[in-house]
Structure formats: structure tokens, C-alpha cells
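# Observations on chain architecture
Spelled out, the chains give:
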Amino acid sequence: GASAALLGTFLVVRGQAMLTDAISHGVVFGVAVTFLLTGNATGPLQLLGAAGAGLLTVALTEWLARSGKVKRDAATGLVFPALFAAGILLLGLFARDAHVDVHTVLLGEIGFVWLDRVQVFGLFVPRSLAVVFVAFVLNALYVAAFYKELTAAAFDPVLAELQGLRPRLATGGLLALTSFTAVAALDAVGVVLFVAFAITPAVVGRLASRRLPAMLAVALVVAAASALLGYPLAVITDLSIGGIMALLTAAPLIVLLPLTRAGRRRT
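Residues numbered from 1 in each chain as written. Predicted model: local features only at pLDDT ≥ 70, side-chain atom pairs only at ≥ 80, totals over all residues. Heavy atoms only, no water.

Check the secondary structure of the protein chain and you find 12 helices and 2 strands. Looking at the 267 residues of the protein chain, the share that counts as buried comes to 44%. Contacts in the protein chain between residues far apart in sequence, at least 24 positions, make up 69% of those at least 6 positions apart. Carbon together with sulfur atoms contributes 68% to the accessible area of the protein chain, which is approximately 14,300 Å² in total. (Helix = DSSP H or I, 4+ residues; strand = E, 2+ residues; numbered from the N terminus. Buried < 20%, exposed > 50% of the residue type's maximum accessible area, 1.4 Å probe, protein only. Contact = heavy atoms within 4.5 Å. Areas by Shrake-Rupley, 256 points an atom, 1.4 Å probe, with all protein chains shown as cover.)

It is worth spelling out a nonpolar patch on the surface at this point. A contiguous nonpolar patch, built from Leu 36, Leu 89, Leu 93 and Phe 94 and spanning about 440 Å² of accessible area, is present on the exposed surface. Per-element tally for the nonpolar patch: the top contributor is helix α4 (residues 72–94), with 3 residues. Looking at the secondary structure, you find Phe 94 in helix α4. Look at Phe 94 and you get exposed, because its relative accessible area is 54%. (Patch = residues over 30% accessible without salt bridge, like charges linked within 9 Å, V, L, I, M, F, W, Y side chains within 5 Å. Salt bridge = Lys/Arg side-chain N within 4 Å of Asp/Glu carboxyl O.)

This paragraph deals with the pairing of strand β2 (residues 123–126). Of the strand pairs in this sheet, strand β1 (residues 117–120) and β2 are connected by 4 bridges, and their pairing is antiparallel. Looking at β2, one finds that Val 118 is bridged to Val 125. Two successive antiparallel strands, β1 and β2, enclose a turn made up of 2 residues, where Phe 121 displays a positive phi of approximately 55°. (Pairing = 2+ DSSP bridges.)

Now for the packing of aromatic side chains. Inspection of the entire model under this criterion finds 2 aromatic pairs. Measuring from centroid to centroid gives 6.4 Å for Phe 10 and Tyr 147, while their planes differ by 75°, and the two rings are edge-to-face. With a gap of 137 residues between them, Phe 10 in helix α1 (residues 2–13) and Tyr 147 in helix α7 (residues 147–155) connect regions that are remote in the sequence. With a centroid separation of 4.8 Å and 40° between ring planes, the pair formed by Tyr 142 and Phe 146 is classed as tilted. Owing to a relative accessible area of 15%, Tyr 142 belongs among the buried residues under this scheme. (Phe/Tyr/Trp six-rings, centres within 6.5 Å; stacked < 30°, edge-to-face > 60°.)

Here Leu 257 is to be found in helix α12 (residues 241–266). Along the primary structure Leu 257 and Leu 207 are separated by 50 residues, whereas in three dimensions their C-alpha atoms are 7.6 Å apart.

Right, let's talk about the pattern of salt bridges for a bit. All chains considered together, the criterion is met by 2 salt bridges. Among the ionic pairs, Glu 62 bridges to Arg 66, the shortest N-O distance being 3.9 Å. Of the two residues, Glu 62 and Arg 66 are both situated in helix α3 (residues 44–66); the distance of 4 residues between them amounts to about one turn of the helix. With a shortest N-O distance of 3.0 Å, Arg 127 and Asp 116 are connected by a salt bridge. One end of the pair, Arg 127, is in helix α6 (residues 127–145); the other, Asp 116, is in the loop between α5 (102–107) and β1, with 11 residues separating them in the sequence.

Take the side chain of Thr 249 next. Mapping Thr 249 onto the fold places it in helix α12. Owing to a relative accessible area of 1%, Thr 249 belongs among the buried residues under this scheme. In this structure, Thr 249 is in contact with Ala 196, Phe 197, Thr 200, Pro 201, Val 204, Val 222 and Ser 226, ignoring residues within four places of it in sequence.

Let us now look at the packing of helix α10 (residues 190–208) against helix α11 (residues 212–237). At a closest axis distance of 8 Å, the pairing of α10 and α11 adopts a crossing angle of 135°. The angle between the axes of α10 and α11 places the two elements in the oblique class. In this structure, the crossing between α10 and α11 has a hand that is right-handed. Two secondary-structure elements touch here, α10 through Phe 197, Pro 201, Ala 202, Val 204, Gly 205, Arg 206 and Ala 208 and α11 through Met 215, Val 218, Ala 219, Val 222, Ala 223, Ser 226 and Ala 227. (Axes fitted to C-alpha atoms, helices over the stretch in contact; angles between N-to-C directions. Parallel < 35°, antiparallel > 145°, perpendicular 65-115°, else oblique. Left-handed = near helix turned anticlockwise from the far one by under 90°.)

In this section: the side chain of Asp 21. With respect to the helices and strands, the residue Asp 21 is situated in helix α2 (residues 18–38). Beyond its immediate stretch of four places on either side in the chain, Asp 21 contacts Phe 80 and Val 195.

This brings us to the packing of α7 against α11. Following both chains from N to C, one finds α7 and α11 inclined at 100°, their axes separated by 12 Å at the closest point. With respect to their mutual orientation, α7 and α11 come out roughly perpendicular. Residues Tyr 147, Thr 151 and Phe 155 of α7 form the contact with α11, whose participating residues are Leu 212, Pro 213 and Leu 216. When its residues are assigned to classes, the contact of α7 with α11 shows 5 nonpolar, 1 polar and no charged. (Nonpolar A, V, L, I, M, F, W, Y, C, P; charged D, E, K, R; others polar.)

Nothing here speaks to function; it is all geometry.
Dropping the structure here:
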């Protein structure tokens with residue numbers, strides 16, 4: 001949740017929140033193609049292939065948008081359903097006997113991630129936890145190192161270019177990490193919950209504060225709290241773990257929306 005919210009905040013500020021949806025759906029195409037080429041449903045090659053498909057989604061979206069024939073939101077809506085559908089068809093045609101389940105790709109299976117464990121510093125931890133933790137560390141280091149560039153690119157990319165901050169390069173790194181995080185989270189939370197973690201906490205942060213540091217802090221707290229509270233609540237109610245977590249990310253949004261409207265009316 002924190003990994004997704006950290007990057008999603010910058011995409012929400014840029015008005016490109018749906019890129020997370022596009023990337024997370026596009027990686028399904030990478031999963032299918034990598035499996036057909038290597039025969040591996042998991043592992044480093046699968047991560048690279050799926051992340052590459054996420055970047056392909058972004059590249060195709062940007063190409064269509066720059067052509068001037070369609071707007072950016074329409075380009076996003078054209079590209080990711082096409083790649084997602086192609087991935088689903090490839091899995092259905094050529095991977096029916098493989099351990100690649102479309103339902104798991106979409107929704108994940110948090111309740112069983114502890115079955116696949118690896119040894120880290122003498123402790124056995126779920127593989128998904130280890131991979132997502134690496135993604136979180138990379139994301140945090142990148143945001144800390146390029147915070148100025150990412151902020152300038154989000155609010156005024158033209159001025160950032162004039163100041164020599166290279167906003168396109170910073171944005172490229174942001175999108176690459178978004179692809180990697182989506183793939184890292186694929187086994188545990190799936191596509192749908194990744195999108196919920198990336199977008200909703202960031203929107204809550206934007207409603208709660210107009211300053212980016214505070215917005216980031218709120219997004220991280222909301223995402224982490226939704227995960228920590230969602231798991232036991234799902235167990236108690238015997239409902240979908242991912243569904244409860246996604247619903248909890250929206251709980252603060254429901255509270256803040258009326259307050260934000262009231263504030264605007266007074267202004």
C-alpha cells in the first residue's frame with residue numbers, strides 16, 4: 001500500500017492517475033508473453049517481462065497522445081484494454097495448464113502468500129513481502145533523491161525544463177518504478193487492489209492538504225492503515241481481503257468530500 005501510494009501521489013498531482021490502471025493491466029500482457037518465451041510463471045525474468053509491458057503501455061499511450069489525433073485520456077483508454085485483452089487471450093490459448101491464473105492476476109490472493117517463503121537474514125518470510133519491500137525501498141530512495149525534479153515536473157514541467165531539471169527523465173524513472181511495483185505486487189494483491197492503493201490514498205491526501213509533503217504523508221498513512229485494518233476485518237467478516245482493504249482506502253474520502261465542498265462554498 002505504501003509503495004503504491006508513494007508513486008501514485010505524484011501521478012495524481014500530474015493528472016495522470018489512470019496511468020497506474022493502464023500499467024497494472026498492461027503487465028498482464030508481459031506475464032503472458034514472458035511465459036510463452038521462457039516457460040516460467042514466476043522469477044526475475046517474469047518481473048522484467050511484466051515491467052517491460054508496463055513501460056510499453058506508457059510508451060504507446062504517449063505516442064498516441066503526441067500524435068494529436070486523440071487526447072491523453074482516450075489514448076490511455078485505447079492502449080491498456082488492448083494489451084490486457086491480448087494478455088488474457090494468450091493465457092487462455094497457450095497457458096491453460098500453467099500456474100498462471102487470470103483471477104489471481106486481477107485480485108491476488110493475500111491469504112496464501114505465506115505459503116511461498118524465502119529465507120532472508122535467517123528468517124523465513126513470504127516471497128511477495130520480500131519483493132514488495134524491495135520495491136518500497138527503491139521507491140522511497142528514488143523519491144528522496146529526485147523529489148525536487150518530480151515536484152517540478154508535476155506542477156510546472158516547462159519551467160523545470162528551463163531550469164535544467166530534466167523532468168522527462170524524472171518522470172520516466174517514476175513510471176518505470178510504477179511498472180516494477182505493479183509487478184511486484186501482482187502475486188499478493190493483484191491489479192485491482194494495486195490501483196486502489198495507488199490512487200485513492202493520494203486523492204485523500206490531496207483533499208486533506210494542499211502541500212505535497214503533507215499529501216504524501218496522508219497517502220502513506222491511509223494506505224498502510226487500510227492494509228493493517230483490512231486484513232483482520234476481512235477475517236472477522238469472512239469477506240474478500242482485497243475488497244475490504246480497497247473499501248477502507250475510500251472511507252476517508254467519503255468523510256472528506258462533503259467537508260471539502262463546504263469549505264469551497266464558504267470561500
